Amino acid sequence: MKSYDSIQHVKGESKFVDDILTPEGTLYGYVFYSTSAHGKIKKIDFSDALNILGVRAVILASDIPGENQIGNVILDEELFASKEVHYVGQPVALVIAETKIQAHKGAKAIKLEIDERQPIFDPREAFEKGNLIVPPRIFSLGDVDGTWKDCDYIIEGRTESGSQEHLYLETQGCFAYPVEGGSVKIVSSTQGPTTVQKIASRVLNIPMNKIEVDVPRLGGGFGGKEDQATPWAVMTALAAIKLNKPVKLILPRQEDMRVTGKRHPYSSDFKIGLNKEGKILAYEVVYYQNAGAAADLSTAILERTLFHAANSYYIPNVKATAYSCKTNLPPFTAFRGFGGPQAMFVIESAIHKAAGVIGVEPYFIQKKNLLKEDDEFPYGQRAENCHALKSYDDAEARYDLGNIRKEIDEFNSRNILVKKGFALMPICFGISFTSTFMNQASALVHVYVDGSVGIGTAAVEMGQGVNAKITSAASCVFSINPDRIKIQSTNTSRVANTSPTAASKGADLNGFATIDACNLILERLKKVAADELSVTDVGTISIQDEFVCIDNEPTKLSWNKLIQLAYFKRVSLSAQAHHSTPGIFFDREKSKGKAFAYHVYGTAIVEATVDCLRGTYEIDSVKVVHDLGKSLHPVTDRGQTEGGIVQGIGWMTLEEIIYDLKGKLITDALSTYKVPDIYFAPKEIQIHFLEDEPNPYGPFQSKAIGEPPFMYGIGAYFAIINAMKTFCPEKTIKYNAPITNEKVLMWLHSND
Ligand code: MTE
Ligand code: HPA
Ligand code: MOS
């Protein structure tokens, strides 16, 4: 099957929010933001703004009919700052005008006086001052304190991992218009249509059934639109209702980069204890998560960090403590991996440092400690269908690790200024929303009288190919050509109470719901066919390749004829189904449970070359063995794996978010914020999917793919530092990511 929307995308025909044809009279919004990181609002003067030609209104906190509150998990975030500002870029007002330019001019004319307060940007400083979003969380297994005495080696250290800009191609945006009877329709670029609907209801003070949220597709989300599409949608809807006009608000790129939340930076301390054989006996870790100025999804992300503290290793004694620290930066948010990558970077750093102390290769320790079937995770779940070792061994053999090593050693002995390094990166990622209740979805399937099929689900298509997968699943159930199937926009009037499309669960949850709904219709159709063909045992009827079969023998009754027949017999051609993941639970008090339906495993071998004179580097290759189950859509799964790897490498290498001393983002354009491009992407990416490993917990035995491959990118960091280490073996590594070219150069040539 081809990729679902690719032809449309390539021709530029796909309609994103900003492409929707707007009716005459549509007004445009521009947000006025705080330029101060912390302070009390003394005065806001927008009289000049109102005098600008075309400006229709300036909307403030005081214009909100409901609550000025957009917090989703914790109620700690205002839509418009009313008394205090907490970060540079916090929305204070929305200017509405006849054109975008007029709205922008209006915003520039607003004067805000702030009584400045001391801001905090560093999570450890916030922690020391007691500024925590929630009380500390701890996951523990065994007895760490009692185990140190049994360790032959104890290694301590500190790591830093940086933020990351989502850089979705389509910036945040929304189009909203009033509908009769006080209702409103919101077309939003959101991963969470119900979140938008729920928060809009709270802010606008109208019930959810009067708010229809429609999401045609996203030009990328990557987690950045799980919760942070909401403010823009709610503001737009507020303006539409207040002015009784259609309103559009699209964030310009630079503004989007400046004001929206990104991946959480973490500062962490670790202590790892091993025996002589290289077995990890104990691991203690403390995470200081920089949450930014409001909770947003930080607590859930913090929890996923704890879940992934030990990556794919079995460690009998673990104590992981996590602090979500409140600072004066834009609230950090979901980003592919959702706190998992941050945890994995720490354990991999700990192993790397330990290997250096013991005098072995890191992969010696990695391999020795990989999870085996039935091993216990620090949260009590046991490894099932565990492919940690299988993928590791397969990667080692398939890509001939011995030879990779040999060639790198030879290269390094021949070259003085250019050095190569490699690293192995095993991953283990838990699949399910860690908030159990979110693991649900629904589908609404209509077969139309012409034999075409329309499917609505809770899944949002953001380029990850969920529509292709759902199409694939439905076409399998009905055994019809996928071209007959159209996935409708994600719409809260078609499918209610949706979870955001996130946690890599989109295809699993919505795929299962779709399969169930299709099966309901299929059973009815089979009865109609049996009737028509005078067959008494419905069990002998099937549909295969668009024809009704009896005992697998095709009849002349085609899909089209069958559908018409069913319609004339007044049989319903529509069905709705709801799916919830069975068997999962998590006790937050004890921090134990079966939090995940299953885990995804894999191993990457990453090779890099460092120019030790200039500090530049290249990623030569990424060779992966990945555990995928049975693919619902192989092209998509390959694309997700490649894309995830490159995005992960970007986070670890080039992508550096820098704020100035006043909390203003400096890296707010692609001239200062570098992301991997086609030249920087690995010269070679080889992906082998483990075959014959069906997954009973996924639709048609498939496995989630969206996030896990991101974490292979962490291997790039270690490949680079291993190459650097060859150049100056005496120096100590700082475990500070991203390892930008500047940092490489400084490390190689400075004296500290
Ligand atoms: N791929 C593309 N092209 N665009 C995206 O925005 N988001 C990622 C991943 N892959 C994303 C993507 C993230 S963060 C998640 S959680 C999953 O896709 C969500 O989709 P899924 O659940 O259908 O895999
Ligand atoms: N992943 C992604 N998004 C989420 C999760 C999760 O585990 N929990 C709540 N939102
Ligand atoms: Mo993905 S970070 O769960 O949207």
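(A) Looking closely at the overall build of the protein. A tally of regular secondary structure across the protein gives 18 helices and 27 strands. For 752 residues, the compact-globule estimate of 2.2 N^0.38 gives 27 Å, and the protein sits close to it at 27 Å. Considering only C-alpha atoms, the protein reaches an extent of 80 × 75 × 50 Å along its principal axes. Taken over 752 residues, the protein has a buried fraction of 62%. A fraction of 80% describes how many contacts in the protein between residues 6 or more apart in sequence connect residues 24 or more apart. On the protein, roughly 28,800 Å² of surface is accessible, and the fraction owed to carbon and sulfur atoms is 52%. Of note, the protein has its 79 positive side-chain charges centred 3 Å away from the centre of its 89 negative side-chain charges.

(B) Focus on the sheet that holds strand S21 (residues 541-544). Spatial ordering of the open sheet is given by S21-S22-S23, a layout of 3 strands whose pairing is antiparallel. With one partner strand each, in any of the chains shown, S21 and strand S23 (553-558) form the two edges of the open sheet. When the angles between neighbouring strand axes are averaged without regard to direction, this sheet yields 40 degrees. Of the pairings in the sheet, the one linking strand S22 (residues 547-550) to S23 comprises 3 bridges and is antiparallel in character. Counted as the bridge partner of Cys549 is Pro554 from S23. Here helix H14 (residues 506-532) sits on the sheet in contact with S21, S22 and S23, set at roughly 110 degrees to S21.

(C) Local environment of the site of ligand 1. Taken together, 18 residues surround ligand 1, and among them Gly221, Phe222, Met462, Gly506 and Gln640 come closest. At 3.4 Å, a side-chain N or O of Arg336 approaches a nitrogen atom of ligand 1. A distance of 3.1 Å separates an oxygen atom of ligand 1 from a polar side-chain atom of Gln464. Residues belonging to the shell around ligand 1 are distributed by class as follows: 6 nonpolar, 9 polar and 3 charged.

(D) Looking closely at the site of ligand 2. By nearness alone, every residue bordering ligand 2 is listed as Glu226, Arg304, Phe338, Phe433, Thr434, Met438, Ala502 and Ala503. Glu226 places a side-chain nitrogen or oxygen 2.7 Å from a nitrogen atom of ligand 2. Between an oxygen atom of ligand 2 and a main-chain N or O atom of Thr434, the distance comes to 3.2 Å. Broken down by class, the residue content of the shell around ligand 2 amounts to 5 nonpolar, 1 polar and 2 charged.

(E) Seen up close, the pattern of salt bridges. Under the definition given, this model contains 35 salt bridges. Of the charged contacts in the structure, one is a salt bridge between Arg588 and Glu303, with a shortest N-O distance of 2.6 Å. With Arg588 in the loop between strand S24 (574-580) and strand S25 (598-611) and Glu303 in helix H8 (residues 298-307), this residue pair connects regions lying 285 residues apart in the sequence. On the basis of relative accessible area, Arg588 is assigned to the partly exposed category, the value being 42%. A relative accessible area of 1% places Glu303 in the buried class. With its nearest N and O atoms 2.7 Å apart, the salt bridge here joins Asp637 to Lys469.

(F) Broad picture of unusual backbone geometry. The peptide bond linking Ala737 to Pro738 adopts the cis configuration, its omega dihedral lying at 5 degrees. Of note, Ser504 is a non-glycine position whose phi angle comes to about 60 degrees, a positive value. Overall, the relative accessible area of 14% leaves Ser504 in the buried class. Despite not being glycine, Tyr735 shows a phi value in the positive range, around 50 degrees. Mapped onto the elements of the fold, Tyr735 is located in the loop between helix H17 (714-727) and helix H18 (741-749).

(G) Structural detail: the sheet that holds strand S2 (residues 39-45). Ordered in space as S4-S2-S6, the 3 strands form an open sheet in which the pairing is antiparallel. Each end of this open sheet is capped by a strand with a single partner; those strands are strand S4 (84-85) and strand S6 (111-116). Examined bridge by bridge, S2 and S4 share 2 bridges and lie antiparallel to one another. Within S4, the position partnered with Gly39 by the bridge is Val85.

(H) Looking closely at the pairing of strand S26 (residues 616-626). Burial runs high along S26: 9 of the 11 residues are buried. The sheet contact formed by S25 and S26 spans 10 bridges and is antiparallel. Note that in S26 the partner of Val606 across the bridge is Val622. The loop that links S25 with its antiparallel partner S26 comprises 4 residues; one of these, Gly615, has a positive phi angle of about 85 degrees. Where S26 and strand S27 (residues 684-689) come together, 6 bridges link them in parallel fashion. Following the sheet pairing, Val625 is matched in S27 by His688. Regarding the hand of the β-α-β motif, the stretch spanning S26, helix H16 (residues 634-652) and S27 is right-handed.

(I) Here's a closer look at the packing of helix H5 (residues 193-204) against helix H6 (residues 230-243). Two elements in contact, H5 and H6, have axes separated by 9 Å at closest approach and are oriented at 45 degrees. Relative to H6, the element H5 is oriented oblique. Seen along the crossing, H5 lies across H6 with a hand that is right-handed. Between H5 and H6, the residues in contact are Thr195, Val196, Ile199, Ala200, Val203 and Leu204 and Thr230, Ala233, Val234, Ala237, Leu238 and Ile241, respectively. Considering only residue class, the contact of H5 with H6 consists of 10 nonpolar, 2 polar and no charged.

(J) View of the domain arrangement of the protein. Entries for the protein in the domain assignment read domain 1 (26-118 + 166-259), domain 2 (266-434 + 588-749) and domain 3 (440-580). Look at where the C-alpha atoms of domain 2 and domain 3 centre, and you get two points 39 Å apart. Counting residues at the interface gives 21 residues for domain 2, matched by 21 residues for domain 3. Both faces combined, the contact of domain 2 with domain 3 buries some 1,500 Å², and carbon together with sulfur accounts for 66% of it. Applying the counting rule to domain 2 against domain 3 returns 1 salt bridge.

(K) Structural view of the environment of His599. Examined against the element boundaries, His599 turns out to sit in strand S25. The exposure class of His599 is buried, given its relative accessible area of 4%. In this structure the C-alpha to C-alpha distance between His599 and Ile211, which are 388 residues apart in sequence, comes to 37 Å. Contact partners of His599, with chain neighbours within four places excluded, come to Phe377, Tyr379, Gln381, Cys428, Phe429, Gly430, Asp627 and Lys703. Among the polar contacts listed, one links the side chain of His599 to the side chain of Tyr379, at a separation of 2.8 Å.

(L) View of H6. Between its first and last C-alpha atoms H6 spans 20 Å; for 14 residues at 1.5 Å apiece the expected length is 20 Å, and the two agree. With 11 of 14 residues buried, H6 is to be regarded as a mostly interior element. Positive backbone phi, at 55 degrees, marks Asn244, one or two positions downstream of H6.

(M) Main features of the packing of helix H9 (residues 340-358) against H17. H17 packs onto H9 with a crossing angle of 30 degrees between their chain directions and a minimal axis gap of 10 Å. Compared by their axis directions, H9 and H17 come out roughly parallel. Classified by chirality, the crossing of H17 by H9 is right-handed. Note on element contacts: H17 touches H9 through Ile714, Tyr717, Phe718, Ile721 and Asn722, opposite Pro341, Met344, Phe345, Glu348, Ser349 and His352. Each residue belonging to the contact of H9 with H17 can be placed in one class, and the counts come to 7 nonpolar, 3 polar and 1 charged.

Parameters and conventions
Residues numbered from 1 in each chain as written. Chains lettered and ligands numbered in written order. Predicted model: local features only at pLDDT ≥ 70, side-chain atom pairs only at ≥ 80, totals over all residues. Heavy atoms only, no water. Helix = DSSP H or I, 4+ residues; strand = E, 2+ residues; numbered from the N terminus. Rg over C-alpha atoms; globule rule 2.2 N^0.38 Å. Buried < 20%, exposed > 50% of the residue type's maximum accessible area, 1.4 Å probe, protein only. Contact = heavy atoms within 4.5 Å. Areas by Shrake-Rupley, 256 points an atom, 1.4 Å probe, with all protein chains shown as cover. Lys, Arg positive; Asp, Glu negative; His and termini not counted. Charge placed at Lys NZ, Arg CZ, Asp CG, Glu CD. Pairing = 2+ DSSP bridges. Axes fitted to C-alpha atoms, helices over the stretch in contact; angles between N-to-C directions. Near = heavy atom within 4 Å. Polar contact = N/O pair within 3.5 Å; in protein donor to acceptor, adjacent residues only side chain to side chain. Nonpolar A, V, L, I, M, F, W, Y, C, P; charged D, E, K, R; others polar. Salt bridge = Lys/Arg side-chain N within 4 Å of Asp/Glu carboxyl O. Right-handed = clockwise from strand over helix to strand, strands pointing away. Parallel < 35°, antiparallel > 145°, perpendicular 65-115°, else oblique. Left-handed = near helix turned anticlockwise from the far one by under 90°. Domains from an automatic or database assignment. Buried area = accessible area lost by both parts, 1.4 Å probe. Expected span 1.5 Å × (residues − 1).

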